[in-house]
Structure formats: C-alpha cells, structure tokens
Amino acid sequence: MEVSKDMRSSNPVLSRPDVFSRGGYAPAYGQPGATSRPMTMNDVVERTAALLVVAMATGAVAWVANVGSGLALAAVLGGLVLGMVTSLQRVVSPVLAFAYAAVEGVFLGAVSRWQEQLHPGVVVQAVAATGVTFAVMLGLYRSGRVRVSPRFTKVVVGAGLGYLVLMLGNLLLQVFHHGFNPWSNGLGLLTGAVGAVLASLYLTLDFDMVERGIRSGAPETEAWRAAFGLTVTLIWLYIEMLRIISILRD
C-alpha cells in the first residue's frame, strides 16, 4: 500500500500541515530564492544526538542531587508545556528544543534513580531495551515489513490519543488518591506494555516523516523538528521500558 502524500505524523511535533509535506518547500537549495540547503539524515541524527546528550546530562545531575518527587513532577509538567509550545512553532527553536531535553532529563534522572534503588541494574536494562527496540523498528521500516499507510496511521493516532487521555486522567485521579499505580500490579504492566507498543509504532511514523521530508527538500532548519520529535518518542519509549522491567522484577 502506498503512503498517502498528505499523511501527517502522529507525533504532534511532526504533524503541522506545513511540515514534511511533498511540494511544501520552495525553492530548493541552489535555485533562485533559496535561503537554506535541504536537510539531510546526518542533520537529523546529529541534532537528535545533541538533544539526547543534554537530557542525559541533566538526568545525571538530577540523579546525583537526588531531587525529590515534587521537582520530578514539576519537570513532567514543564516538559509537557515546552513540548506543546514547540510543536506549535512554525520553525522549531533550538533553544526550546534543548530546554525540553533538559527539563525531561531531570524527570528521567529522578525516576531512574528511584527505580534503580528498588531494582539494581534496571536502568541499564531499560536503556538496552530502548536501543534494541529502536534498532528493530528501524530495521522493520527500512525492510518494508512495516508500511506506513493511511489506515495504519489512523489506528496508531487514535490509540495514542486514547492512551494519553487514560494516563493523564489517571494522574489527575491519583492527586485525589484514586486511580491506579502505573508502577506496580497487573494494570501497570498492561498499560506499560501498551505504551511501549505504541511508542514503537510512533517511531515508524517518525521515520517515514523524516524520510519524506528529505525527499521533498525540507530546509535544514526542519531537522530540529525531526530531532525533537524523535527525542520525544525515545523518552516515552524509555519510560515505558523502565516501567515494564521494574514491574516484572517486582
């Protein structure tokens, strides 16, 4: 099944109607009026790596400082706000992208230290699981075994939105001492597994949007949008892997 020309990514960072759509860029680098060269895969890889390094650096600081749950929650909310603001930008600001990575890193460091104290070695296992999953999904996408069709996209988008509503609703209920604990019991394991599967599928959508952006001549600045989107998905995938492995080790 062919990929729809006007299909958009389920990742909100990559879903703007003027981003990564064929024919949406004019003129190409080297032609009259061009202001930027087209982005390349190396641009996306380098920027994604830079954002992940920042997240790991602030995560290490949060780990050593042993920040409390209050700061970790504030980092989650701050990351949500920064993510929404960045996704609405016509041209992604590298400053905001790095700010998002730094804030999310604080949360990652706090929750990783918490789980590592309960289950020694779980962080290494979660990182390895995330890396393996990324490699597998990239391999499946590149081999054509996972095809990003309009129907596939609609199903993943719908499931992703439903999952987001469920987890945010549960977080709100927990404030009032209701809801379920996502870091324990069978329900936590089930939601963690669903989240990991969805994050993995989101990776294929992001791969597709990056590839089509390169083919359509997206300007170099859009590499920041692609890198930010991939960073969001990878952080999500790591958290789900950490949840799953922690619950299984319980």
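The coordinates are above.
## Looking at helix α5 (residues 150–175)
Here is step 1: The first and last C-alpha atoms of α5 sit 38 Å apart over 26 residues, in line with the 38 Å expected at 1.5 Å per residue.
Here is step 2: Of the residues making up α5, those classed as buried are F152, T153, V156, G160, Y163, M167 and N170.
Here is step 3: Buried residues along α5 sit in contact with α6 (185–215) and α7 (222–249).
Here is step 4: Among the residues trailing α5, H177 stands out with phi positive, at a value near 65°.

## Concerning the environment of Y202
Here is step 1: Relative to the helices and strands, Y202 resides in helix α6.
Here is step 2: Judged by relative accessible area, which is 8%, Y202 ranks as buried.
Here is step 3: Sequence separation between Y202 and V157 is 45 residues; the distance between their C-alpha atoms is 8.5 Å.

## As for the packing of helix α4 (residues 122–143) against α6
Here is step 1: In the contact formed by α4 and α6, the axes pass within 9 Å of each other and the chain directions differ by 50°. The orientation of α4 relative to α6 falls into the category oblique. Regarding α4 and α6, the two cross each other, and that crossing is right-handed. Residues T133, F134, M137, L138, Y141 and R142 of α4 pack against S200, L201, L203, T204, F207, D208 and E211 of α6.
Here is step 2: Its residues assigned to classes, the contact of α4 with α6 comprises 7 nonpolar, 3 polar and 3 charged.

## Observations concerning the side chain of T133
Here is step 1: Here T133 lies in helix α4.
Here is step 2: Once residues lying within four places of it in the same chain are set aside, the contact partners of T133 are S200, L237 and M241.

## A look at the nonpolar core
Here is step 1: Counting 52 residues, the largest nonpolar core has V44, L51, F107, Y238 and L242 as the members making the most contacts within it.
Here is step 2: Of all the secondary structure elements, the ones that give two or more residues to this core are α1 (41–65), α2 (69–87), α3 (94–118), α4, α5, α6 and α7.
Here is step 3: Per-element tally for this core: the top contributor is α7, with 15 residues.

## Notes on a nonpolar patch on the surface
Here is step 1: On the surface, a cluster of nonpolar side chains totalling about 720 Å² of accessible area is made up of L73, L77, L80, M84, L161, L164, L168 and L171.
Here is step 2: Of all elements in the fold, only α2 and α5 reach the threshold of two or more residues within the nonpolar patch.
Here is step 3: Its place among the elements puts L171 in helix α5.
Here is step 4: Judged by its relative accessible area of 34%, L171 is partly exposed.

## Structural notes on unusual backbone geometry
Here is step 1: Despite not being glycine, N66 has its phi angle at roughly 55°, a positive value.
Here is step 2: Overall, N66 belongs to the partly exposed group, its relative accessible area being 44%.

## Here's the deal with the pattern of salt bridges
Here is step 1: Overall, the coordinates contain 9 salt bridges when judged by the stated rule.
Here is step 2: The salt bridge partner of R212 is D208, with a shortest N-O separation of 3.2 Å. One end of the pair, R212, and the other, D208, are both in helix α6, 4 residues apart, so they sit about a helical turn from each other.
Here is step 3: Judged by its relative accessible area of 3%, D208 is buried.
Here is step 4: Two residues, R215 and E211, come together in a salt bridge whose shortest N-O distance is 3.7 Å. Of this pair, R215 and E211 are both found in helix α6, 4 residues apart, which corresponds to roughly one turn of the helix.
Here is step 5: Members of the salt-bridge network, linked through shared partners, are R37, D43, R47 and E220.

How each quantity is defined
- Residues numbered from 1 in each chain as written.
- Predicted model: local features only at pLDDT ≥ 70, side-chain atom pairs only at ≥ 80, totals over all residues.
- Heavy atoms only, no water.
- Helix = DSSP H or I, 4+ residues; strand = E, 2+ residues; numbered from the N terminus.
- Expected span 1.5 Å × (residues − 1).
- Buried < 20%, exposed > 50% of the residue type's maximum accessible area, 1.4 Å probe, protein only.
- Contact = heavy atoms within 4.5 Å.
- Axes fitted to C-alpha atoms, helices over the stretch in contact; angles between N-to-C directions.
- Parallel < 35°, antiparallel > 145°, perpendicular 65-115°, else oblique.
- Left-handed = near helix turned anticlockwise from the far one by under 90°.
- Nonpolar A, V, L, I, M, F, W, Y, C, P; charged D, E, K, R; others polar.
- Core = buried A, V, L, I, M, F, W, Y, C linked by side-chain atoms within 4.5 Å.
- Patch = residues over 30% accessible without salt bridge, like charges linked within 9 Å, V, L, I, M, F, W, Y side chains within 5 Å.
- Areas by Shrake-Rupley, 256 points an atom, 1.4 Å probe, with all protein chains shown as cover.
- Salt bridge = Lys/Arg side-chain N within 4 Å of Asp/Glu carboxyl O.

Function cannot be inferred from these measures alone, as they are strictly geometric.
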